[in-house]
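Listed below, chain by chain, are the residues.
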Amino acid sequence: MFKAILTFVVLFMFSFTIQAQTINISGSVNDPNENKPIPNAVVALLTVKDSVLTKFTRTDNDGKFVLTNVTPGKYIMMKTHPYFADLLEDIDLTKTAELPLSGLLSKAKLLQEIIVKTGNPIKIKGDTTVYTADSFKVSANANVEELLKKLPGIQVDKNGEIKAMGEKVEKVLVDGEEFFGDDPGMAVKNLRADAVKEVQVFDKKSDQAEFTGIDDGKTQKTINLKLKDDKKKGHFGKIDLAGGPIKTLDPRYNTNLLYSSFKGKRKITGFVLNGNTGQDGLSWQDEQKYGGQDDNMTMSMDDDGGVMFMWRGNSSDDEPYFDPQNGYITNLNAGAQYSNKWNDKKTLNFSPKFNSQKYENLRQTFSQTQIGDSALIENSTQQTNIDRYNVKLRGIYDIKIDTNNTLKITANSNLYHTESDEVRDAVNRGSSGTLKNTSNRNLSINSDKQALTGNIIFKHRFPKLRRTLSFTADLNSLNTDGLNKLRSFNQSYFEGVPTAIQQLDQMKDYNTSTKNLSSKIAYTEPINKKYSFEIGYQLAYNYGNNSQYTYSFSPDTKKYDVTVDSLSNEFKQNIIQHIPSAKISYTGKKMKFNFGSGVGVTDFELKDLTYDKLYERNFTNFFPSAAFNYTYKANHNIRFNYNGNTTQPTINQLQPLRNNNDYYNQYIGNPDLKPSFTNSFNLSHNSYNFIKDFWMYQSINVREVSNSITNNRIINVDSGKTTTQPINTNGNISVSLWSGIGYKFKKIDTRINVNPQFQYNKYADVINGQKSFAKIINPGISIWASKSKDKKYDISLQEEFNYNSCKTSQSPKPIRYNTNTVSIYATVYYKKVWSIISDYQYYTRQKTAQFDKSLNNQLWNARLQRTFKNNEFTVYTSVRDILNQNIGIQRNFFSNTYTEEINNRLKRYFLLGFTWDFKNKNETKK
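Residues numbered from 1 in each chain as written. Predicted model: local features only at pLDDT ≥ 70, side-chain atom pairs only at ≥ 80, totals over all residues. Heavy atoms only, no water.

A. Region of the structure containing the pattern of salt bridges. All told, the structure shown has 20 salt bridges when counted by the stated rule. For the salt bridge of Glu89 with Lys79, the shortest nitrogen-to-oxygen distance reads 3.1 Å. You can see Glu89 sitting in strand β7 (residues 84-93) and its partner Lys79 sitting in strand β6 (residues 73-81), a full 10 residues away along the chain. In this structure Glu89 comes out as partly exposed when scored by relative accessible area, which is 33%. Residue class for Lys79 comes out buried when judged on its relative accessible area of 1%. The closest approach of N and O atoms between Lys869 and Glu872, which form a salt bridge, is 3.9 Å. The exposed category is assigned to Lys869, whose relative accessible area is 54%. (Salt bridge = Lys/Arg side-chain N within 4 Å of Asp/Glu carboxyl O. Helix = DSSP H or I, 4+ residues; strand = E, 2+ residues; numbered from the N terminus. Buried < 20%, exposed > 50% of the residue type's maximum accessible area, 1.4 Å probe, protein only.)

B. Geometry of a nonpolar patch on the surface. Residues Phe471, Leu475, Leu517, Ile521, Tyr537, Leu539, Tyr541 and Ile576 make up a contiguous nonpolar surface patch of about 660 Å² in total accessible area. Of all elements in the fold, only β29 (468-494), β30 (497-526) and β31 (531-554) reach the threshold of two or more residues within the nonpolar patch. It is β31 that contributes the most residues to the nonpolar patch, 3 residues altogether. You can see Ile576 is positioned in strand β33 (residues 569-587). (Patch = residues over 30% accessible without salt bridge, like charges linked within 9 Å, V, L, I, M, F, W, Y side chains within 5 Å. Areas by Shrake-Rupley, 256 points an atom, 1.4 Å probe, with all protein chains shown as cover.)

C. Representation of the sheet that holds β7 in the model. Judged by pairing direction, the sheet is antiparallel, and its 4 strands sit side by side in the order β4-β3-β6-β7 without closing on themselves. A single partner strand is all that each edge strand has here, and the edge strands are β4 (53-58) and β7. This sheet shows a mean twist of 20° between the axes of neighbouring strands, independent of strand direction. Examined bridge by bridge, β6 and β7 share 8 bridges and lie antiparallel to one another. Residue pairing for β7: His81 is matched across the bridge by Phe84. (Pairing = 2+ DSSP bridges. Axes fitted to C-alpha atoms, helices over the stretch in contact; angles between N-to-C directions.)

D. How the structure looks around the sheet that holds strand β14 (residues 167-168). With antiparallel pairing, 3 strands are arranged side by side in an open sheet as β12-β13-β14. With partners counted over all chains shown, the strands left at the sheet margins are β12 (154-156) and β14, one partner each. Sheet analysis places strand β13 (residues 162-164) next to β14, joined by 2 bridges and oriented antiparallel. Looking across to β14, one finds that Lys163 is bridged to Lys168.

E. Highlighting the side chain of Thr808. Mapped onto the secondary structure, Thr808 falls in the loop between β46 (793-807) and β47 (815-830). Leave out the neighbours within four places in its chain, and Thr808 touches Asp765, Ser772, Phe773, Ala774 and Ser895. (Contact = heavy atoms within 4.5 Å.)

F. Looking closely at the environment of Ser106. Of note, Ser106 is situated in the loop between β9 (102-103) and α2 (107-118). Each C-alpha atom of the pair Ser106 and Pro82 lies 9.6 Å from the other, and the pair is 24 residues apart in sequence. Each residue touching Ser106, except ones within four places of it in the same chain, is listed here: Asn33, Tyr83 and Phe84.

G. Local environment of the side chain of Gln382. Of note, Gln382 is situated in strand β26 (residues 374-400). Overall, Gln382 belongs to the buried group, its relative accessible area being 5%. Separated by 3.4 Å, the side chains of Gln382 and Thr384 make a polar contact. Not counting the four nearest positions on each side in its chain, Gln382 is found in contact with Tyr321, Asn361, Leu362, Arg363, Glu422, Val423, Arg424 and Arg441. (Polar contact = N/O pair within 3.5 Å; in protein donor to acceptor, adjacent residues only side chain to side chain.)

H. Focus on the packing of aromatic side chains. Applying the stated rule across the entire model yields 24 aromatic pairs. Ring geometry for Phe236 against Phe262: centres 5.6 Å apart, planes inclined by 85°, an arrangement best described as edge-to-face. Placement of Phe236 in strand β19 (residues 234-246) and of Phe262 in strand β20 (residues 249-263) is noted, with a sequence separation of 26 residues between them. Phe262 matches Phe236 in its accessibility class, with the two residues each being buried. Centre to centre, the rings of Phe462 and Tyr523 are 6.2 Å apart; their planes meet at 75°, and the pair counts as edge-to-face. Taken together, the positions of Phe462 in the loop between β28 (435-461) and β29 and Tyr523 in strand β30 put the pair 61 residues apart, joining distant regions of the chain. Each residue in the set Tyr259, Phe873, Phe914, Trp916 and Phe918 is aromatic and connected to the rest through ring pairs, giving one cluster. The ring of Phe262 has Lys267 sitting right over it, with the charged end atom 5.5 Å from the ring centre. The ring of Phe773 has Lys762 lying over it, and the distance from NZ or CZ to the ring centre is 4.6 Å. (Phe/Tyr/Trp six-rings, centres within 6.5 Å; stacked < 30°, edge-to-face > 60°. Lys NZ or Arg CZ within 6 Å of the ring centre and 35° of its normal.)

I. Layout of the nonpolar core. Counting residues in each nonpolar core, the largest one holds 40 residues, and the members touching the most others are Tyr131, Leu148, Ile154, Val199, Ile223 and Leu225. Once you skip the residues sitting within four places of it in the chain, Tyr131 turns out to touch Pro121, Ile122, Phe136, Leu151, Pro152, Gly153, Ile154, Met165, Lys197, Glu198, Val199 and Val201. Ranked by size, the runner-up nonpolar core spans 17 residues in total, among them Ile25, Phe65, Tyr75 and Leu99. (Core = buried A, V, L, I, M, F, W, Y, C linked by side-chain atoms within 4.5 Å.)

So this is what it looks like as structure tokens:
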């Protein structure tokens, strides 16, 4: 008994001694970036010698942990979590202690830091693709356009149009702000590539959608150029002067001046572009289009292997023919921009611009229209001379009234003046060569346009998170005044024998005015942490007036004073729309979506004042929309968008007025037109593996149009005369697939991009009241490879192949052909200051049944330059079109008509130039 008691006491004392030699350890773990605790993190103690696990636990919801009964000594403490980087620390435990707060770094943040530090070329942040500019080598003093041509997924065509992931880029911003208004060409052609830190590509939402967080379907493919910090201080600019002789033509010259001054948040920039080599740099088009011209286009195939959209819905061809790729252009562009921000509350952006152009061109056209077994063949020549100018003013004022209220005002004023003269001769024959008609026309145009647009958006945030109220108002106004003179001699034939003669000497005085005023109020309310809803109401009013009076020349009075009643008319339209709407939005960590619809009630009133006729209609339309965004893992994103919208016909399409500028091809409006409705679907996927430097994107677009505005062509085979009138049709659909895959072969330091594409278009074709469908199929593939070594060489190769097929019941044989373009871009350096820059393109267009000869040509340009003083000064000589093969030949296929145009085009010329790229003094020293 005594031994048992003694044993118990010894064991008890031994256990007490062991207990006295252990301690308790406590602490907490958090995310320093979010300043939030990290629950369920594993905290473990490992032996120093062989890393054997001795103790472990998990953090609670507050990020706290406790390790009990720990024997004092030296350990390795490990903290780990699936979403955070592991943290290992050496620790000496000698007594019970409260350990200091430990922070774990997010793996996403860690990967982001790695990308920034290593200059990885591509990042994907949500729906934004970010390119690190310095990862793509360009030549010395290159502009941003040259940089964009290097970026995977971005294409810049020969006309300077930019596409990103297959979609046209409509805006180019600089540090998130407009650069000389909304013209993408200004920034990419005039900013230096080495001033750019990042190129960000995204779909810019409307101001209201960005504020509420609920997508309204109004997006623009946008590029934002984020400048380097040291490029946003002081001043920089460029002076580029070049000139040279050319045989049989006036000397060629270019004068480009650009100056920018940055001081804090104030930016002042000005430019002058002047030359006669065809450079432009400013868009001439109206900033606001009326009537939704997208729906009123038909599709054709051009000789470069792509689908071309042709504007065929205008009842007046009173705008002269102008194609900047053809003819000879002398231009003067000038502009300035001022932007500033005060107290982080008021922002002003103001940009005036002036553009003047003189244009001349000789165009020869061959066209054949097949109608059953018969054909109409026309040969024509047209000499065009245009002198025009425009003045644009754009201002944006953004004010933060207080922490909850903001106001943004945008205003634009565009003034246009055009004077032109066209002389056209045409001969129309049958398929056997029998004369149908001949015509000679002289058309002079003198017109003025005033386009005014304005937008006001007021935004209010309530104290409750995501509860908002916004109000938007838009005003668009377009006025056109013109005085045109038409002199034409038109001879008709019957079976080759002259019959009627129609001689015209007329003056047309017209005034067209279109005004659109709309306002919308929207309220958003959070349902819970992830869901919210939006209700809105929009009221839109559209007013149009078109007054046109045509007068014949009177030999007695020597004046244009005889009214032509059949060519004179005054027409008005009033359209009122009420659109209530509702949407639901969800925002999660990886997934975002919203869906909803508006209901549009439209009151449509047209009045023919000349004939005292009133057309009244009422329509009810739905405006459904849906958007889905899923980031299934870092740098991998899937998006889906759907929108339904209504397009109203323009007043020119509605007014029953005949246009006889081309006597044998006349147009008349249709007051019975209905609005069209478009369903648009888009599904896209983007991904990038930064470790393998592998990227890819896919984009599928589907567009279906009901009540599409299509032209009905009434063709008289005997006389060769065509009358065109717009009508509504169904069944129009287009499908396009754009994709890209890129990979860098690190062993040979070469980047490869492959871009397959596919387009399918089906549209209604109506001839003599009979409807059929034209189907265009256009698959293609582009392969691009690039290799460079800094200050040694930079070489890019591109192969682009397209197959084209067009089938219509109006043509007895389908049209099938392929095109191929091989391009080489190379820069070779010598001793870092000498360089030769050259580009070469070889175009091949396969012959067809209609054109029995292939159309091939080569374009080769080269430039030799020498830089001085750390690339500040450059002297160069360049030759454009060395082989003298810049031909202005273009073939188009539309429905049952195919044409071949031959235009004047600027061919081989030489330039000797000097460039001064001046910067801050402190930058130059660097």
